[in-house]
Amino acid sequence: MAIIGTAVASTGSNCRAQNSSFDRLIDGFRNPPPTARMRMFWRVFGPAWQRDEIDYQFGLMKQAGIGGVMTSFFYPVAMDDPAAGVNNQQLGSPEFLKTFSFAALRAKDLGLRFSVFGGSGWPFGGPTVGTRDAAQRIRRVVARLGDAGRGLTLPSLADGEQIVAAFDGARDMLPTLPAGHALSRAKIGRDGSGTGDLQVFISGPTGMKVKRPALGGEGLVVDHYSRNAALRYLESAVAPMLNAAPGMLDTVFCDSLEVYNANWTHDYPEQFRKRRGYDIIHRLPELFDGKCAASPDLRFDFWRTLAELTEERFTKTTGDWARSHGTKLEMEAYGTPPNPLTAARYIDVPAGEQYEWQGFSMSRLAASGAHLAGRRIISAEAWTWLGIPNRLADTLRDMKLASDIHFLAGCNDLIGVDFPYSPRSVPPPGWQPYYGPTMNQNNPQWPYFHALVEYVNRCQWMLRQGRPVADVAIYLPVEDSFAHGPVEQMLLDFHLRDHFVTGEKTGEFGLAASMKHRSDLINTLLTNGFNYDGIDFWSINRFAKVKNGKLICGDGEYSIVILPGLEGIDAQALAKLEEFVKQGGTLIIAGKLPRRAYGAGASGALDRARLISILSRLESGLEPIMEGVGDVRWAKQGKGDVYVLANPHDTLSSVISRAGPTGGVGESPAGQTVHRSTPTADIYFITNLEKDNQRLLPRGVIGDYTVFNPMTGSIIRHATGDVELRPLESTFVVVRKGKKASPKVRGNIQQFLGRKRMFAVDWHVAFEGPDAPKPRDLSDLVSWTTWPEAKFFSGQGIYTSSFEWKDAIPKSCRLRFESVREAGEVWINARSAGVVWMPPYEVQIAPLLKPGTNTIRVTVGNLTVNRFLGLPDEDLRPLRAAYRNRFPDPQEKRVMKEPAPSGLIGKVWLVTEDL
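Predicted model, so just to flag it, every value in this text is computed and none were measured.

Visitor: So what about the layout of surface pockets? Which residues, and what values?
Guide: Of the voids in this model, the second largest pocket is the one considered here, and its volume is about 880 Å³. Surrounding the second largest pocket, 35 residues form its lining, Arg391, Phe868, Glu874, Leu876 and Pro890 being those nearest its centre. Looking at the lining of the second largest pocket, the elements with two or more residues in it are α20 (864-870), α21 (877-883) and α22 (892-895). Its residues assigned to classes, the lining of the second largest pocket shows 22 nonpolar, three polar and 10 charged.

See below:
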């Protein structure tokens, strides 16, 4: 094998084109362009920002290799203090807009992409949203009637509310009456006797207000089902920022939809009747009664209509508006209210979050929609709440792992959480949001953060090449979620995620939870070499085509579709899947067959009849498959195959292997892969998520290939055999198309060998940072938290020593530390050997050695939380008296009783080789 310099010249126009393409791949890997570099969420508190601090912080991010900022305006964290330069500006004020313009111009000057939240906090809303434009709901008030013959008074109404309908105990609709009107028993019961229920349905504002707003950003959340309400909000709250920085905003960002209890809009009855063909008002009692036989059909129609309104009136409207104003929409298009996957067509940069890599995460949901819509750039809110509820104890290793999980889900444009705005006048840990992690000049790991940024940037460049490749589409149980979900709100993203969970459901965030979260179905796919996308009935019905035995939708070309234990399915979508099978596709029904088509109108009845007919054809000829596979029935349908798995947990692996994988890393739960295809190459991202070394190789890779190592930036060509990865290590395997494959050779392209011996020196350690302890001399490397004066120190430890080199300088000499807490940089003879921030904590020092005396310096940064634990609690009462309680209390002292180990700890070795 040889280290690549430039591509080898070859003759012929096709070869020249391939080499040119490969050269561009190499150049971009070595120096990713600004558009491929990761961004950071830049949280501006107050907003109390100053131009000199903006300039300073942007300079830090540029120097670290960051490609842009996602600007978000948050709640105040400090009282006005002119002496300290703290001035909380009113959001949208002339003063604010002038500062905003400066920030956009400064970002442009530095070549940083500049994006902004569409308002303050989330969801969209604020002081310009009145009750008419606010998020709406319909609620039911039920009153029991007694035997005393007394009448009943209709409930009073809040501002903006109105009575939609009232029903007596027999569910007969009563005449519309004003609030407070007294009803006699004769009007309520059919015969005026006995007991019964009075059901009153009231529509009006939810009353929800924007979460975590900046000063001046307070107010009601906007109605996401109303186009006019959305436009009025965008013009009043977002347009002033765009006008203050014309042509300088890369994207307008919409966070995950968290519009709680919003299930109505002013013209909903008319829209429902138009789309579903019947009147929902007369059937409100059945809709709200979960025990009613008609409830699933009504709820499916109810939420289907609301999802369509979200897509058309909010997502499309916001995307069109952004593009008409010279920018793009970047959106986490999930949550409540729900969006169909087809909404991604209106989003320029679909975005995801969360880490359930062995399940169906929100990043996977966002990437699926993007792939189905042909969107190639998919961002992710990376790293949020890694160590929940501890904000200040996350490491670069944690962030790297979370980044890989987003990459595995299909994302390729990470936005790191968070670079909080914190003026230099505020001592560390500075201004902090209520969540973590945070990474700025106040974090002792900041001097080494650039190493993680470089890794992410290289990965993003590679993961943007060509198109995504996935063999499998998993049909998402949207119909079941709508039919059996609540009426009050629909958290579709969590309903979908939890449908696939095997065992205990996990919480919303955090790496620890994500490592426990598991779906047997999804894990079986991944460990058998299949990548996948989710697909919903809207995508199949509106855009999917069947061609050459594949279901094609956007960038997705799927040879296998899985129905994962569905109760119901859209009949039109199943008809498309029947066509897919006939033309050569494979349909796997994992668990029970979907026997139900939902819908309460005339179309619902037609769908049920159609579904019965389709199922009859799909089931015809089903027979038990070969012995040893388990309870599996199979039939040839046209050119394709139908499998019905009674127990997918036991049989899916065998069936999926029989179907024939085309990518992946084989049967290894540790190795996960992403496949991208360009006209000239296949690119595979492989990562090892287990605790042991793994030998991995993508299926279908025969002969030699090129290895792009995103950790080091090195490129190796003519590699053969398996790739050996240490725990949490990642790499890219690139196979050039159009060349003759040579036989596969077993063996590792990377072998962790060498002669290992102790590196025993005496050290001097000094400290830099607030309240730095006195220097020490030491022969044994122990955590500096064992020394009372350094127990709560957060900052830099500077270890220095010297050593004699008497032997010949080897070709390879790796200096390896047992433990570095948490990140550091090694200098030999005043020259940097590199950053150590992941096991095995080693750097190559052979090129820096010289015969005789050599000097060594190792700088190490620990965790922010140590200093935080040693500081007195902040008195938040004045802040909350002035601005109310906009954020929760810190939790670090509750969950972490002792500081985290810090510095160089344990033994040090030299590992030498003569290559």
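From this point, the narrative continues.
Visitor: Just give me the short version of unusual backbone geometry, but keep the residues and values in it.
Guide: For the bond running from Trp122 to Pro123, omega is -15 degrees, close enough to zero to count as cis. Examined against the element boundaries, Pro123 turns out to sit in the loop between β4 (113-120) and β5 (125-126). Note the cis peptide between Ile388 and Pro389, where omega equals 5 degrees. Within the secondary structure layout, Pro389 lies in the loop between β17 (379-382) and α10 (396-409). One non-glycine residue, Trp385, lies in positive phi territory at about 55 degrees. Of note, Trp385 is situated in the loop between β17 and α10. Among the residues examined, Trp385 registers a relative accessible area of 14% and is labelled buried. Of note, the phi angle at Ala830 is positive, near 65 degrees, even though the residue is not glycine. Relative to the assigned elements, Ala830 resides in the loop between β42 (823-828) and β43 (831-836).

Visitor: So what's going on with the nonpolar core? Residues and values would help.
Guide: Trp42, Trp49, Phe58, Phe100, Trp383, Phe449 and Phe708 are the most contacted members of the largest nonpolar core, which totals 129 residues. The leading source of residues in this core is helix α11 (residues 446-462), at 11 residues. For Trp42, the residues in contact, after removing those within four places along its chain, are Trp49, Ile54, Gln57, Phe58, Met61, Val69, Met70, Thr71, Ser72, Ala103, Phe419 and Tyr421. Judged by nonpolar contacts, the second largest core, of 101 residues, contains Val221, Phe300, Ile569 and Ala635.

Visitor: I'd like a rundown of the pairing of strand β40 (residues 796-805), residues and numbers included.
Guide: For a regular strand, side chains alternate in direction, first toward one face of the sheet and then toward the other. Burial analysis of β40 places seven of its 10 residues in the buried class, the great majority of the element. The pairing of strand β38 (residues 763-768) with β40 spans five bridges and is antiparallel. Across the sheet, the residue bridging to Glu768 is Gln796, located in β40. Examined bridge by bridge, β40 and strand β45 (residues 852-861) share 10 bridges and lie antiparallel to one another. Bridging from a neighbouring strand, Ile798 pairs with Thr859 of β45.

Visitor: Before we move on, could you go through the packing of α10 against α11 and cite the residues and values that matter?
Guide: Relative to each other, α10 and α11 sit at 10 degrees, their axes nearing to 10 Å. Taken together, the axes of α10 and α11 lie roughly parallel to each other. Across the interface between the two elements, Leu396, Met399, Lys400, Ser403, Asp404 and Phe407 from α10 touch Tyr448, Phe449, Leu452, Tyr455, Val456, Cys459 and Gln460 from α11. Partitioning the contact of α10 with α11 into residue classes produces nine nonpolar, two polar and two charged.

Visitor: Any details on the side chain of Asn862? Residues and values, ideally.
Guide: Residue placement: Asn862 occurs in the loop between β45 and α20. Judged by its relative accessible area of 0%, Asn862 is buried. Of the polar contacts made by the side chain of Asn862, one reaches the backbone oxygen of Phe793; its length is 2.9 Å. Among the polar contacts made by the side chain of Asn862, one reaches the main-chain amide nitrogen of Gly795 at a distance of 3.0 Å. Residues contacting Asn862, with those up to four places away along its chain left out, are Asn443, Pro444, Gln445, Trp784, Phe793, Ser794, Gly795, Arg821, Glu822 and Ser902.

Visitor: Could you give an account of the packing of aromatic side chains, naming the residues involved and the relevant values?
Guide: Inspection of every chain in the model, using the stated rule, returns 53 aromatic pairs. Considering the side-chain rings of Trp49 and Phe73, the 5.2 Å spacing of their centres and the 70 degrees angle between planes classify their relative orientation as edge-to-face. Residue Trp49 is found in the loop between β2 (39-45) and α2 (51-63), and its partner Phe73 is found in strand β3 (residues 68-74); the two are separated by 24 residues along the sequence. Residue Trp49 is classed as buried on the basis of its relative accessible area, which comes to 3%. Overall, the relative accessible area of 0% leaves Phe73 in the buried class. Ring plane angle 35 degrees and centroid distance 5.8 Å describe the contact between Phe360 and Phe500, whose orientation is recorded as tilted.

Calculation rules
Residues numbered from 1 in each chain as written. Predicted model: local features only at pLDDT ≥ 70, side-chain atom pairs only at ≥ 80, totals over all residues. Heavy atoms only, no water. 1 Å grid on protein atoms, 1.4 Å probe; cavity = no way out; pocket = protein on both sides within 12 Å on 5 of 7 lines; lining within 4 Å. Points joined across faces, edges and corners; volume = space filled by probe spheres on them. Helix = DSSP H or I, 4+ residues; strand = E, 2+ residues; numbered from the N terminus. Nonpolar A, V, L, I, M, F, W, Y, C, P; charged D, E, K, R; others polar. Buried < 20%, exposed > 50% of the residue type's maximum accessible area, 1.4 Å probe, protein only. Core = buried A, V, L, I, M, F, W, Y, C linked by side-chain atoms within 4.5 Å. Contact = heavy atoms within 4.5 Å. Pairing = 2+ DSSP bridges. Axes fitted to C-alpha atoms, helices over the stretch in contact; angles between N-to-C directions. Parallel < 35°, antiparallel > 145°, perpendicular 65-115°, else oblique. Polar contact = N/O pair within 3.5 Å; in protein donor to acceptor, adjacent residues only side chain to side chain. Phe/Tyr/Trp six-rings, centres within 6.5 Å; stacked < 30°, edge-to-face > 60°.

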